[in-house]
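Each chain, letter by letter, is given below.
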Amino acid sequence: MKGVLIMKVGIIVHSHTGNTLTVAQRLKEKLLAGEHSVILEQVMAVNEDHSAAVNIELKSIPDLNAYDGLVFGAPVRGLSLSPVMKAYLSQLPSLEGKKIGCYVTQYFPYPWMGGYRAIKQMRKECEAKGGKVFETGIVNWSHKERESRITDVLEKLIRFN
Ligand SMILES: Cc1cc2nc3c(=O)[nH]c(=O)nc-3n(C[C@H](O)[C@H](O)[C@H](O)COP(=O)(O)O)c2cc1C
């Protein structure tokens, strides 16, 4: 595409029951249609038990060196960012020079029920590592207009240029 920078994008998600992953798969399709190269990778913990909010041991730790664009996706847990994504982001060496989009999925219908806080935590971790967050999004799973929320978030997160 003329005048559009083609990026190597990594979509890095934590998803326990599949909601966040579904959004990631749709985002991947959209980015591919925009001719970006895209890889979707999952962050996983050894113990995905919900009560294990401390001492998270990561099982799958995607390496981000190859990407110049990133999208991080995760669920909201206990009005906060999923502890697994938090543990993953905090162990990253650097995000210097990377363009980053972030999104969360949450069950409750309104973003003030944990979504805003989780996004704030994600942004803070990314910026602390030198990353540039260009866009964020929240999908409220039980909202009656969930589908249009997803579409909005996807539109925002493909704007790498
Ligand atoms: C332990 C736990 C805590 C949760 N806390 C919240 C919450 O504070 N606010 C909310 O809206 N949803 C909460 N949820 C619901 C998830 O955020 C929601 O179902 C999300 O879309 C799951 O994403 P996933 O399918 O990718 O794992 C919680 C779910 C679990 C299992």
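Fair warning: this is a prediction, and the values are worked out from it, not measured in the lab.

What counts, and where the lines are drawn
- Residues numbered from 1 in each chain as written.
- Predicted model: local features only at pLDDT ≥ 70, side-chain atom pairs only at ≥ 80, totals over all residues.
- Heavy atoms only, no water.
- Buried < 20%, exposed > 50% of the residue type's maximum accessible area, 1.4 Å probe, protein only.
- Helix = DSSP H or I, 4+ residues; strand = E, 2+ residues; numbered from the N terminus.
- Contact = heavy atoms within 4.5 Å.
- Patch = residues over 30% accessible without salt bridge, like charges linked within 9 Å, V, L, I, M, F, W, Y side chains within 5 Å.
- Areas by Shrake-Rupley, 256 points an atom, 1.4 Å probe, with all protein chains shown as cover.
- Salt bridge = Lys/Arg side-chain N within 4 Å of Asp/Glu carboxyl O.
- Lys, Arg positive; Asp, Glu negative; His and termini not counted.
- Charge placed at Lys NZ, Arg CZ, Asp CG, Glu CD.
- Near = heavy atom within 4 Å.
- Polar contact = N/O pair within 3.5 Å; in protein donor to acceptor, adjacent residues only side chain to side chain.
- Nonpolar A, V, L, I, M, F, W, Y, C, P; charged D, E, K, R; others polar.

### So, helix H2 (residues 83-91)
Then, number 1: When H2 is considered as a whole, its buried residues turn out to be Pro83, Val84, Met85, Ala87, Tyr88 and Leu89.
Then, number 2: Residues of H2 that are buried sit in contact with strand S1 (8-13), strand S3 (44-45), strand S4 (58-60), strand S5 (69-77), strand S6 (80-81) and helix H3 (115-128).

### Notes on a nonpolar patch on the surface
Then, number 1: Residues Tyr110, Trp112 and Tyr116 make up a contiguous nonpolar surface patch of about 420 Å² in total accessible area.
Then, number 2: Structurally, Tyr116 is set in helix H3.

### Topic: a positive patch on the surface
Then, number 1: Together, Lys86, Arg117, Lys120 and Lys124 make up a positively charged patch on the protein surface.
Then, number 2: In terms of residue count, H3 provides more of the positive patch than any other element does, three residues in total.
Then, number 3: With respect to the helices and strands, the residue Lys124 is situated in helix H3.
Then, number 4: With relative accessibility at 65%, the residue Lys124 sits in the exposed group.

### Brief notes about the site of the ligand
Then, number 1: Within the structure, the ligand sits among 17 residues, and Ser15, Thr17, Thr20, Val76 and Leu79 are positioned closest to it.
Then, number 2: Here Asn19 contributes a backbone N or O atom positioned 2.7 Å from an oxygen atom of the ligand.
Then, number 3: Note that an oxygen atom of the ligand is positioned 2.6 Å from one of the backbone N or O atoms of Leu79.
Then, number 4: Here the ligand loses 81% of its free accessible area of 650 Å² to cover by the protein chains.
Then, number 5: Of all elements in the fold, only helix H1 (19-33), S5 and strand S7 (99-106) reach the threshold of two or more residues within the shell around the ligand.
Then, number 6: Looking at the shell around the ligand, the element that brings in the most residues is S5, giving three residues.
Then, number 7: Classifying every residue of the shell around the ligand by side-chain character gives six nonpolar, 10 polar and one charged.

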